[in-house]
Amino acid sequence: MGNRVFTKANCMDWLDGLEDGSVNLWIIDPPYNVLTGNMTNKNGAAVFHSRYTAKVSPSESDLKKGIVTSRFEVAIPWEEKQKLDDYRTECFKWYCKAHAKLADDSFMFIFWSMKYLHLAYEIFDVNRIVFWQQPNMVSSISGDFCYDITPIIVVRKGNPRLNPEAGLWDKSSILKFTKPQGNYKKDKLCHPCQKPRELLEHLVWLSDCDHEGYVIGDFFAGSGSLLRAVNNADVILCDMNDEYYDKFFDIYVTDERVYKCKKIK
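One numbering rule holds for all chains: residues counted from 1, following each sequence as written. Only residues with pLDDT of at least 70 get local features here, since the model is predicted, and only at 80 or more are side-chain atom pairs given and counted; chain-wide, interface and lining totals rely on the full set of residues. Water and hydrogen atoms play no part in the side-chain values, which are based on all heavy atoms of the structure.

### With respect to the overall build of the protein
- A tally of helices and strands in the protein yields eight helices and 11 strands.
- Throughout this description, buried means an accessible area under 20% of the type-specific maximum (1.4 Å probe, protein chains only), exposed means over 50%, and partly exposed covers the range between. Going through the 265 residues of the protein one by one, you find that 49% of them count as buried.
- Whether two residues are in contact is decided by their heavy atoms: any pair within 4.5 Å suffices. Taking all contacts inside the protein whose residues are at least 6 apart in sequence as the whole, residues at least 24 apart take part in 69%.
- When the accessible area of the protein is evaluated, it comes to approximately 13700 Å², of which 51% is carbon and sulfur surface. Runs of E in the DSSP output that reach at least two residues are strands. Runs of H or I that reach at least four are helices, and both are numbered from the N terminus. All accessible-area figures derive from a Shrake-Rupley calculation using a 1.4 Å probe, and residue coverage is judged against the displayed protein chains alone.

Dropping the structure here:
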């Protein structure tokens, strides 16, 4: 098992501390600039009360009434009050830094939003887009259609190859994995934007990077789910929020890939 380090820090400062060409794979899940609302916990399951249709961020009165909590503001640091131009600029900044840290012939997978899919082509060097499909169509909260398709931007630096074991018809570009659930012990939900372990494992496998001496990283690491998807490579993680980080390590304390991770705060 490779070395594992999870650092609590601002990702821009953290990226500056890495050597250029030192990372073999990025799998990142940045803030999408689409969610404002509140998150509560009901019967052990995390629930989003999202406001996808909101054109502005919650007002001060919303905060005072408890419609939106400061806890949520920490969990989702990007609000819709941010100008789209600012969002594009900030994404381009971290992307340029992260791209410089990639080794030659390597991949970067970026979870993105359907709402701003057009921005991906303005910000990133898009090679392909694959899609993660969640097997649910109706939202139990709103009764409306779910946002059940998440695009994954594929960026290539140099000429990396997919895992030679991936057959021509082995997997389609529509990846179907169930979202982690609050009461599902195999993949328990610790973070509202948590990605399925099996999906992360599949991306790691496709990139053919889970080998000793390789480095796989995520600087929007959330709770640290990538730890459970990598067995042999080194894992380097960064995030600013403590709440989900602590919860994740408590829940998966028996997972060797998790508890052997060095935590730097």
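### Structural notes on the confidence of the model for the protein
- Confidence scores here are pLDDT values: one per residue, from the predictor, ranging 0 to 100. With 73% of its residues at a pLDDT of 70 or more, the protein has an overall mean of 78.
- A low-confidence stretch, residues 35-59 (pLDDT under 50), is modelled with 62 contacts involving residues beyond four sequence positions or located in other chains.

### So, the sheet that holds strand β10 (residues 234-239)
- The mixed open sheet is built from nine strands, whose spatial order is β8-β6-β7-β5-β2-β9-β10-β1-β11. Only two strands of the sheet have a single neighbouring strand rather than two, namely β8 (174-176) and β11 (262-264). Averaged over all pairs of adjacent strands, the angle between strand axes in this sheet comes to 20°, irrespective of strand direction.
- Strand pairing requires that DSSP identify at least two bridges connecting the strands. Bridging between strand β6 (residues 126-133) and β8 involves three bridges; their strand directions are parallel. From the neighbouring strand, Phe131 faces β8, where its bridge partner is Ile174.
- Relative to the sheet, helix α6 (residues 197-207) contacts β2 (23-28), β5 (102-111), β6, β7 (149-157), β8 and β9 (215-218), its axis offset from that of β5 by approximately 155°. Angular values range over 0 to 180 degrees, each being the angle between N-to-C directions of two axes fitted as lines to C-alpha atoms, with helices fitted over their stretch in contact.

### Concerning the pairing of β2
- Most of β2 sits inside the fold, with six of its six residues counted as buried.
- Two strands pair when backbone bridges link them, and β2 and β9 are joined in this way by two bridges, in the parallel orientation. Across the sheet, the residue bridging to Trp26 is Gly217, located in β9.

### Concerning the side chain of Lys8
- Within the element layout of this structure, Lys8 appears in strand β1 (residues 4-8).
- Buried and unpaired, Lys8 has Asp239 as its nearest opposite-charge partner, separated by 4.3 Å.
- N or O atoms closer than or at 3.5 Å make up a polar contact, with two conditions inside protein: a donor-capable atom paired with an acceptor-capable one, and, for residues adjacent in sequence, both atoms drawn from side chains. Only 2.4 Å separates the side chain of Lys8 from the backbone oxygen of Asn241, close enough to count as a polar contact.
- The residues touching Lys8, leaving out its near neighbours within four places in the chain, are Asp239, Met240, Asn241, Asp242, Tyr245, Ile264 and Lys265. Counted charges follow a simple rule, with Lys and Arg positive, Asp and Glu negative, and His plus the chain ends left uncounted. In the sections that follow, a salt bridge refers to a side-chain nitrogen of Lys or Arg positioned within 4 Å of a carboxyl oxygen of Asp or Glu.

### A look at the nonpolar core
- Of all hydrophobic cores here, the largest spans 34 residues; its most connected members are Ile27, Phe111 and Ile152.
- Elements with a contribution of two residues or more to this core: β2, β5, β6, β7, α6, β10 and α7 (243-251).
- Considering every element that reaches this core, the biggest residue donor is α6, with four residues.
- If near-sequence neighbours (up to four positions away) are discounted, Ile152 is found in contact with Phe109, Ile110, Phe111, Arg128, Ile129, Val130, Trp132, Leu175, Leu199 and Leu203.
- Residues enter a nonpolar core if they are buried and are Ala, Val, Leu, Ile, Met, Phe, Trp, Tyr or Cys, with the set joined through side-chain atoms within 4.5 Å. Counting residues in each nonpolar core, the second largest holds 31 residues, with Tyr87, Leu119, Ile129 and Val155 among its members.

### Points about the environment of Val155
- On the secondary structure map, Val155 appears in strand β7.
- Expressed as a C-alpha distance, the spacing of Val155 and Asn127, which sit 28 residues apart in the sequence, is 5.3 Å.
- Those residues in contact with Val155 that lie beyond four places of it in its chain are Tyr95, His99, Ser106, Phe107, Met108, Ile110, Phe124 and Asp125.

### Quick word on the side chain of Gln194
- Along the chain, Gln194 falls in the loop between β8 and α6.
- Look at Gln194 and you get buried, because its relative accessible area is 4%.
- Aside from chain neighbours lying at most four places away, what touches Gln194 is Lys179, Pro180, Asp187, Lys188, Leu189, Ser223, Ser225 and Tyr252.

### Some points on the pattern of salt bridges
- A full pass over the atoms with the stated rule returns 10 salt bridges.
- Ionic pairing is found between Glu90 and Lys93, a salt bridge with its closest N-O pair at 3.4 Å. Of the two residues, Glu90 and Lys93 both sit in helix α4 (residues 84-101), three residues apart, roughly one turn of that helix.
- Through salt bridges with shared partners, one network takes in Arg197, Glu201, Arg228, Asp255 and Arg257.

### Quick notes on the pairing of β10
- Counting buried residues in β10 gives five out of six residues, a clear majority hidden from the surface.
- Two strands pair when backbone bridges link them, and β9 and β10 are joined in this way by four bridges, in the parallel orientation. In the sheet register, Val215 faces β10, and the bridge partner there is Asp234.

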